[in-house]
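Understanding the architecture of this molecule
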Amino acid sequence: MPKRETFQDLVLEPRKDGQEMWRWLYTELRSAIIDGRLKSGARLPSTRNLAAQYGFARGTVVAAFQQLQAEGFVSSEVSAGTFVLPAPGWELPSPAKQRSSRQAISRATIAKRTQSLLKTTFLQPASHSVGKAFRGYEPAIDLFPVEQWARIAARVYRKAPRSLYGQGDAGGYPPLRRAIAEYVGRSRGVRCSAEQIIVTSGAQQALDLLARVLLDPGDQVWMEDPGYPGASQAFQSAGASVIPIPVDGDGMDVARAIKSSPAARVVYVTPANQFPLGVVLSAERRVELLSWAARAGAWIIEDEYDAEYRYSGKPIASLHSLDRSGSVIYVGTFTKMLFNALRIGFIVVPERFVEAFRIARSFMDRHAPTLDQAVLTEFINEGHFGRHVRKMRQVYSDRSQLLAEEANRRLAGVLDVEHAQSGMCTVAWIKTRVTEMVLKRRAEQLGLEVSPISSFVIKYEQKPALFLGFAGCNENEIKRGVSVLEAILSR
Ligand SMILES: Cc1ncc(COP(=O)(O)O)c(C=O)c1O
């Protein structure tokens, strides 16, 4: 026989401002059931009595009871009344008990792979300002043709068929895949079909997707050292074992890698513009790497995050264009060529694995936003992309030169800034006794962003240096940045 209980025992918390009456009553009753103040089997007062007792409208009580019933806290029987369901599990442990239980101890920490992620000193903060000296990998937003982009976006959104508002293709919007295949073929010698293009949310997601598709826990990955932390973290998150390979003036030391870890399954390289040192992988090492990968059956991930920007000599051919054994997987991104918030990148995957990549991609976040992909497609097909990149090539070259000249004039002997031959960032070698970290901290206090080269080191120490981005800063900002560095270093 169920126990009778009245509401005299229940203390109801005051109602919050704006909270609907029925929702408040439902929440209070639910808490009473969960805390055990209303025991399993207890009969609740009738809706009429409860309404009268508290001065509620009866409809309020009915709505609260209905919600409790829908969620399985109570059951109502005509003529018998409403009872708290006999489910001992409702009585959740108190916070003190939770802390002492074994499950709670395991909840005290997060997964080990994320713990290691949190140790990184390489974090890309949300930047609600742009154009700050010397933020790495920020393109020139001041010169981006916003009007042009907005006109295309307005047109695309207005005219897009309704089908573009539905679920899209996990591999990417087909016209964009065609435009990318055509572009990488023409500009980087990457021969591929549109089907081989998988559109991703920037190069970072491309690396994560590659790690998921290509690597099993324990697989070895050669990683340039110093190198791009976003890549090593993606590989480590997949359980892979990252093998740091030192970089010298000719890029990754391939011979040393072959000798030390010949069983690697994947090699990650930035051959056209090594991140962060800016060196080019020499022709000899390219051949050595390609031949080894062909023999060993290993994959080479070629990350061409900013290969469009080369300021002297002929463009460096992509590794993909030299590959005859199908070892190279090419990664590119529009975030550095256009603007970071765009978050569109791509992978050129081997034909036989297109389906695997599409499926893996669809389980990450289904697909990249279709309408943004459509805007980018028009931007490329109408020639604005090519024009913008050509213009930026000149602008970035000028900005790199200005930075090197200003630094040479004002910081000679204390900070040796290289005039970058490619890319959007350069290295500034510290020639005084001040440490990278002190320099970084003081620079930050004075509104500069600089990255110590040590934040890209895995194992092989580098001489002290800063990694400076110049592409996103205009002339004044570059000059101001150099004078701030001068002020810090002259102290
Ligand atoms: C070498 C390298 N690869 C990949 C990325 C990631 O690019 P995205 O912003 O397109 O994800 C970056 C970003 O700075 C990078 O430097």
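Residues numbered from 1 in each chain as written. Predicted model: local features only at pLDDT ≥ 70, side-chain atom pairs only at ≥ 80, totals over all residues. Heavy atoms only, no water.

Operational definition: UniProt positions are given in the numbering used here, feature names are shortened, and annotations may be inferred rather than shown by experiment.
An unreviewed UniProt entry annotates the protein chain as PLP-dependent aminotransferase family protein of Terriglobus albidus. Regarding the protein chain, the relevant UniProt record gives this comment under Sequence similarities (unreviewed entry): "In the C-terminal section; belongs to the class-I pyridoxal-phosphate-dependent aminotransferase family."

Things to note about the overall build of the protein chain
Filter applied, for reference: We count a stretch as a helix when DSSP gives it H or I for four or more residues in a row; a strand needs E for two or more, and each element gets its number in order from the N terminus. Three labels apply to residues, based on accessible area from a 1.4 Å probe with only protein chains included: buried if under 20% of the type maximum, exposed if over 50%, partly exposed otherwise in between. We call two residues in contact whenever any of their non-hydrogen atoms come within 4.5 Å of each other. Computed with the Shrake-Rupley method and a 1.4 Å probe, the accessible areas treat only the protein chains shown as cover for residues. For this count, His and the chain ends are skipped, Lys and Arg are scored as positive, and Asp and Glu as negative. To locate a charge, take NZ of a lysine, CZ of an arginine, CG of an aspartate or CD of a glutamate.
Per the secondary structure count, the protein chain includes 18 helices and 15 strands. Per-residue burial over the protein chain gives 49% buried out of 491 residues. Of the contacts made within the protein chain by residues no fewer than 6 positions apart, 72% connect residues no fewer than 24 positions apart. Summed over its atoms, the accessible surface of the protein chain is roughly 24,000 Å², and 52% of this surface lies on carbon and sulfur atoms. Distance from the positive charge centre (63 side chains) to the negative charge centre (50 side chains) of the protein chain: 4 Å.

Here's the deal with the packing of helix H8 (residues 174-188) against helix H15 (residues 370-381)
Cut-off, in case you're wondering: Angles run from 0 to 180 degrees between N-to-C directions of axes, and those axes are lines fitted to C-alpha atoms, restricted for helices to the stretch in contact. For a crossing to be left-handed, the near helix must be turned anticlockwise from the far one by less than a right angle; the clockwise case is right-handed.
For the pair H8 and H15, the least separation of the axes is 9 Å and the interaxial angle reads 35 degrees. Remark: the crossing between H8 and H15 carries left-handed chirality. Between H8 and H15, the residues in contact are Pro175, Leu176 and Ala179 and Gln373, Leu376, Thr377, Ile380 and Asn381, respectively.

Considering the pattern of salt bridges
Opposite charge on two side chains permits pairing when their charged atoms draw close. Here is the rule we go by: Any carboxyl oxygen of Asp or Glu that lies within 4 Å of a side-chain nitrogen of Lys or Arg is treated as forming a salt bridge with it.
All told, the structure shown has 24 salt bridges when counted by the stated rule. As a salt-bridge pair, Arg155 and Glu378 come within 3.3 Å of each other at their nearest N and O atoms. In this pair, Arg155 sits in helix H7 (residues 146-159) while Glu378 sits in helix H15, placing the two residues 223 residues apart along the sequence. The class of Arg155 is partly exposed, set by a relative accessible area of 29%. Residue Glu182 is joined to Arg186 by a salt bridge in which the shortest nitrogen-to-oxygen separation is 3.2 Å. Of this pair, Glu182 and Arg186 are both found in helix H8, four residues apart, which corresponds to roughly one turn of the helix. What makes Glu182 partly exposed here is its relative accessible area of 47%. Via salt bridges that share partners, Lys132, Arg135, Glu138 and Glu449 belong to a single interconnected network.

Details of the sheet that holds strand S1 (residues 43-44)
In plain terms, the rule: Here, strands pair whenever DSSP counts at least two bridges between them.
Spatially, the three strands line up as an open sheet ordered S1-S3-S2, and their pairing is antiparallel. At either margin of the open sheet sits one strand with a lone partner, and together these are S1 and strand S2 (74-77). Summarising the sheet, S1 and strand S3 (residues 81-84) pair through two bridges and their orientation is antiparallel. Looking at the pairing, Arg43 lines up with Phe83 of S3. Taken strand by strand, helix H3 (residues 58-70) contacts S1, S2 and S3, and its axis lies near 115 degrees from that of S2.

As for the packing of helix H16 (residues 384-411) against helix H18 (residues 475-490)
Put simply, the test is: Angle categories: roughly parallel below 35 degrees, roughly antiparallel above 145, roughly perpendicular from 65 to 115, and oblique for all the rest. In this classification, the charged set is Asp, Glu, Lys and Arg, the nonpolar set is Ala, Val, Leu, Ile, Met, Phe, Trp, Tyr, Cys and Pro, and all remaining amino acids, among them Gly, are polar.
Packing of H16 against H18 brings their axes to within 10 Å, and their N-to-C directions diverge by 30 degrees. Overall, the two elements H16 and H18 adopt an arrangement that is roughly parallel. The two elements H16 and H18 cross, and the hand of that crossing is right-handed. For the pair H16 and H18, the contacting residues are Arg399, Leu402, Leu403, Glu406, Ala407, Arg410 and Leu411 in the first and Glu475, Ile478, Lys479, Val482, Ser483, Leu485, Glu486 and Leu489 in the second. A class-by-class count of the residues in the contact of H16 with H18 yields eight nonpolar, one polar and six charged.

Topic: helix H10 (residues 229-237)
Of all nine residues in H10, seven are buried; the element is thus mostly enclosed. Where H10 is concerned, the buried positions are Pro229, Gly230, Ala231, Ser232, Gln233, Ala234 and Phe235.

Section: the site of the ligand
As a reminder of what qualifies: Nearness of a residue to a molecule or strand requires only that one of the residue's heavy atoms be within 4 Å of it. Pairs of N or O atoms are called polar contacts if they sit within 3.5 Å, as long as, within protein, a hydrogen donor faces a hydrogen acceptor (for residues adjacent in sequence, only side-chain-to-side-chain pairs).
Taken together, 14 residues lie around the ligand, and Gln204, Asp303, Thr333, Thr335 and Lys336 are the ones closest in. Between the ligand and Asp303, the relevant distance is 2.5 Å, taken from a nitrogen atom to a side-chain nitrogen or oxygen of the residue. In this structure, Thr335 approaches the ligand through a side-chain N or O atom, which is 2.6 Å from an oxygen atom. Contact with the protein chains removes 98% of the 400 Å² of surface that the ligand exposes when unbound. Top element by residues in the shell around the ligand is helix H9 (residues 202-214). It accounts for three residues. In terms of residue class, the shell around the ligand is built from six nonpolar, five polar and three charged.

Let's talk about a nonpolar patch on the surface
Where we set the bar: Patch building starts from residues that exceed 30% relative accessible area and form no salt bridge, then joins like charges within 9 Å and nonpolar side chains (Val, Leu, Ile, Met, Phe, Trp, Tyr) within 5 Å.
A grouping of Ile110, Leu117 and Leu118 is seen on the molecular surface, where their side chains present a nonpolar patch of about 280 Å² in accessible area. Within the secondary structure layout, Leu118 lies in helix H6 (residues 112-118). Among the residues examined, Leu118 registers a relative accessible area of 62% and is labelled exposed.

Considering the environment of Phe363
In this structure, Phe363 sits in helix H14 (residues 354-365). In sequence terms Phe363 and Ala170 are 193 residues apart; their C-alpha atoms lie 9.1 Å from each other.

A word on the domain arrangement of the protein chain
We count it as follows: Here the limits of each domain have been adopted from an automatic or database domain assignment.
Each assigned domain of the protein chain is listed with its residue range as follows: domain 1 (3-90), domain 2 (144-386) and domain 3 (390-489). Look at where the C-alpha atoms of domain 1 and domain 2 centre, and you get two points 58 Å apart.

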